[in-house]
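# Fold and geometry: a report
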Amino acid sequence: MKRFALSPQPFEIAPLREQLLSAHAGAYASFEGWVRDHHGGRAVAGLRYESYAALADSEGERILSEAIERFAIVDARCVHRVGDLAIGELAVWVGVSAAHRDAAFAACRFIIDETKGRVPIWKHERYADGEAGWLHPTPPEVS
Amino acid sequence: MNRLTVLYFASLRDAAGVASESIEADNADLRGLYETLRERHGFALPAQRLRVAVDGAFARWDDAPRAGSEVAFIPPVSGG
């Protein structure tokens, strides 16, 4: 079963949530990442996500498998947009079902954090002042 | 010499001016290959800020380039 997907078009959440329904699950947690109108104090007009699709798919699936191994969850899904997005659009969605809420919240957090850190997707922001650029964040120092 | 396909993404693609290119390389490892291409295209990012993938799977910088393979340089990601 494919749990991670890249989507070149806007996607519906309801059918994804339905895939997680289970008689064994008493909890569902989800996360939505939206395109916001500012970054680092600059006004953002819109953005584009680009991916290395073959590697993004395999790394995304690996993250969801890790979440299922590490947390007491029933199932999980993640969908990330690619292409041009406007302010307010849904950029990424994570959904997790579990017997209890603690594992659902923890796994949801794990999946979005690992996706942001590991999946080969890049954000190209267009600023209101006409400039544009790729974001290549420096990872936090590991002490 | 090994003939390879190299893939560029995001700022690397902008700097190279192409998304991919076919090259002849005689570098001992993928780190050396990146340094050669960095010099050619003027990439701002040093190898230690990148990851490297071969044929769709993450690889190690000290792996030797294989003839016919597809090498991708992965700048720091910013999805989510």
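Residues numbered from 1 in each chain as written. Chains lettered and ligands numbered in written order. Predicted model: local features only at pLDDT ≥ 70, side-chain atom pairs only at ≥ 80, totals over all residues. Heavy atoms only, no water.

### Overview of the sheet that holds strand 4 (residues 57–59) of chain B
Residue and element names in this part refer to chain B. The cut-off we apply is this: Two strands form a pair only when DSSP identifies at least two bridges running between them. Only DSSP runs of H or I covering at least 4 residues are called helices, and only runs of E covering at least 2 are called strands; the numbering of each starts at the N terminus. Lines are fitted to the C-alpha atoms to define the axes, a helix being fitted only along its stretch in contact, and any angle between axes, read from their N-to-C directions, falls within 0 to 180 degrees.
A sheet is described by the order of its strands in space; here five strands give the open sequence 2-1-5-3-4, paired in mixed fashion. Each edge of the sheet is formed by a strand with only one pairing partner; in this case those strands are strand 2 (20–25) and strand 4. The sheet shows a mean angle of 35 degrees between the axes of neighbouring strands, direction not considered. Relative to strand 5 (residues 70–74), strand 3 (residues 51–54) runs antiparallel, the two being bridged by four bridges. In the sheet register, Val-54 faces strand 5, and the bridge partner there is Val-71.

### Regarding the nonpolar core
All names here are of chain A. Applicable threshold: By nonpolar core is meant a set of buried Ala, Val, Leu, Ile, Met, Phe, Trp, Tyr and Cys residues that side-chain atoms within 4.5 Å join together. Think of it in three bands: residues with accessible area under 20% of the maximum for their type are buried, residues over 50% are exposed, and the middle band is partly exposed, with areas taken using a 1.4 Å probe on protein chains only. In this description, contact between two residues means that some pair of their heavy atoms is separated by no more than 4.5 Å.
The biggest cluster of nonpolar side chains holds 30 residues, and the ones touching the most others in it are Ile-73, Cys-78, Val-94, Val-96 and Ile-111. Sorting the residues of this core by element identifies strand 1 (4–7), strand 2 (27–34), strand 4 (42–51), helix 2 (53–70), strand 5 (73–81), strand 7 (90–98) and helix 3 (101–118) as the ones contributing at least two each. Among the elements that take part in this core, helix 3 stands out by supplying seven residues, more than any other. What Ile-73 contacts, discounting residues up to four positions off in sequence, is Ala-67, Ile-68, Val-96, Ser-97, Ala-98, Ala-103, Ala-104 and Ala-107.

### Description of the packing of aromatic side chains
Note the threshold: Aromatic rings from Phe, Tyr and Trp, taking only the six-membered ring of Trp, are treated as a pair when their centres fall within 6.5 Å; an angle between ring planes under 30 degrees marks them as stacked, one over 60 as edge-to-face, and anything in between as tilted. Over a ring means this: the NZ of a Lys or the CZ of an Arg is within 6 Å of the ring centre and within 35 degrees of the ring normal.
Taken as a whole, this structure holds eight aromatic pairs over all chains when the rule is applied. With a centroid separation of 5.0 Å and an interplanar angle of 15 degrees, the aromatic rings of Trp122(A) and Phe9(B) are classed as stacked. Of this pair, Trp122(A) sits in strand 8 (residues 121–127) while Phe9(B) sits in the loop between strand 1 (2–7) and helix 1 (10–16), each in a different chain. For the residue pair Trp122(A) and Phe9(B), the accessibility class agrees, reading buried in each case. Above the ring of Tyr28(A), the side-chain terminus of Arg17(A) is found at 5.4 Å from the ring centroid.

### Let's talk about the sheet that holds strand 7 of chain A
All names here are of chain A. Taken in spatial order, the four strands of this open sheet run 1-5-7-2, and their pairing is mixed. In this open sheet, the two strands that pair with only one neighbour each are strand 1 and strand 2. Recorded for the sheet is a direction-independent mean angle of 10 degrees between the axes of neighbouring strands. Pairing of strand 2 with strand 7 involves eight bridges; the strand directions are antiparallel. Across the sheet, the residue bridging to Gly-33 is Val-92, located in strand 7. Strands strand 1, strand 2, strand 5 and strand 7 of the sheet are contacted by helix 3, whose axis makes an angle of about 145 degrees with strand 7.

### Let's talk about the interface of chain B and chain A
Test applied: Two parts placed together each lose some accessible area; with a 1.4 Å probe, that loss summed over both constitutes the buried area. What makes a salt bridge here is a side-chain nitrogen of Lys or Arg within 4 Å of a carboxyl oxygen of Asp or Glu, nothing more.
Chain B puts 22 residues into the contact, and the matching count from chain A is 23 residues. In this assembly, chain B packs against chain A so that about 1900 Å² is buried in total across both faces, 56% of it on carbon and sulfur atoms. On inspection of chain B and its partner chain A, the count reaches one salt bridge. Across the pair Glu50(A) and Arg13(B) runs a salt bridge, and its minimum N-O distance is 2.5 Å.

The analysis is restricted to geometry; functional conclusions fall outside its scope.
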